[in-house]
Structures are given as structure tokens and as C-alpha cells.
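Remarks on the overall topology
Chain residues, written in single-letter form:
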Amino acid sequence: MVTIFDFNPTPQELVDIRFDAFSLCLKFGIDTEKELTPELYKELVTQENAYYDIAVLFEFRGDENTANEYWKKLPKELQENGLGFDSLNVAS
């Protein structure tokens, strides 16, 4: 499985992309009370989750082309509804 750790994230980048157990739960619905380590991360996430985090990592690095390569690997529904475009406008 390809993960963010294949791209040597710095400690600051891990903070920037919210690499912690609480954020893992918020982003992917994965709950753990253990300290999140690279090894535990690889056990818990799917390849799809890992692509999401890789895309975010490259966004923070300012590498839009590589980020877009990974965004495109996500299912279309997640691309449309999970990347900040999930609001619904309702006429009142």
C-alpha cells in the first residue's frame, strides 16, 4: 500500500495534514485509543484513505499536479462530495 510515509513527510507536515488519532476518526471514521504511529496507520487505513492523505500532503507542499493525481484515484462520489463540495443549497 502506498501511504504518506512513502513521501517522507516532515514532522510539521504531519501536523499540517492532521496525523493524529482524533483526526483519523473525523476524516475516516476510524476509532483507536492507541497512539497513532506509521505502523498502526498502515494497519487501519484503506488504500483510498491513504490516497486522500497523500493528496492533502501534496496540497500542503504546493504540488497541485501530484495532488490532483491522487485526488483522481478517489471514487467520483468522494471527489464531488468529500472534498468540501458537500453543502446543499435549499430554497426556503
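Residues numbered from 1 in each chain as written. Predicted model: local features only at pLDDT ≥ 70, side-chain atom pairs only at ≥ 80, totals over all residues. Heavy atoms only, no water.

Here we come to the pattern of salt bridges. Within the structure shown, the criterion is met by 2 salt bridges. When the shortest N-O distance is used, the salt bridge between Glu13 and Arg61 registers 2.7 Å. In this pair, Glu13 is assigned in helix α1 (residues 11-16) and Arg61 in the loop between α4 (47-60) and α5 (64-71), connecting sequence segments 48 residues apart. Taking the relative accessible area as the measure of exposure, Arg61 reaches 33% and is therefore partly exposed. Residues Lys27 and Asp53 are paired through a salt bridge, measuring 2.8 Å at the closest nitrogen-oxygen approach. (Salt bridge = Lys/Arg side-chain N within 4 Å of Asp/Glu carboxyl O. Helix = DSSP H or I, 4+ residues; strand = E, 2+ residues; numbered from the N terminus. Buried < 20%, exposed > 50% of the residue type's maximum accessible area, 1.4 Å probe, protein only.)

The periodicity of an α-helix, 3.6 residues per turn, causes residues three or four positions apart to be oriented the same way. Taking 1.5 Å of rise per residue, 14 residues should cover 20 Å, and α4 covers 20 Å from first to last C-alpha, within 8% of that figure. A large share of α4 lies buried, amounting to 10 of its 14 residues. Taken residue by residue, α4 has Asn49, Ala50, Tyr51, Tyr52, Asp53, Ile54, Ala55, Val56, Leu57 and Phe58 as its buried positions. Just beyond α4, the residue with positive phi is Gly62, at close to 80°. (Expected span 1.5 Å × (residues − 1).)

So, about the packing of α4 against α5. Closest axis-to-axis distance for the α4/α5 pair is 8 Å, and the angle between their directions is 165°. On the basis of their axis angle, the class for α4 and α5 is roughly antiparallel. Remark: the crossing between α4 and α5 carries left-handed chirality. Taking contact as the criterion, the partners of Tyr51, Tyr52, Ile54, Ala55, Val56, Phe58 and Glu59 in α4 are, on α5, Glu64, Thr66, Ala67, Tyr70 and Trp71. Of the residues contributing to the contact of α4 with α5, the split by class is 9 nonpolar, 1 polar and 2 charged. (Axes fitted to C-alpha atoms, helices over the stretch in contact; angles between N-to-C directions. Parallel < 35°, antiparallel > 145°, perpendicular 65-115°, else oblique. Left-handed = near helix turned anticlockwise from the far one by under 90°. Contact = heavy atoms within 4.5 Å. Nonpolar A, V, L, I, M, F, W, Y, C, P; charged D, E, K, R; others polar.)

Considering all chains together, one arrives at 9 aromatic pairs under this definition. Centroid distance Phe7 to Phe58: 5.1 Å. Interplanar angle 80°. Geometry classified as edge-to-face. Here Phe58 lies in helix α4 and Phe7 lies in the segment before α1, a separation of 51 residues in the sequence. Residue Phe7 is classed as partly exposed on the basis of its relative accessible area of 23%. (Phe/Tyr/Trp six-rings, centres within 6.5 Å; stacked < 30°, edge-to-face > 60°.)

With that settled, consider α5. Listing the buried residues of α5 in full gives Thr66, Ala67, Tyr70 and Trp71. Axial view of α5: buried residues confined to an arc of 145°, hence all on one face. (Arc of directions from axis to C-beta.)

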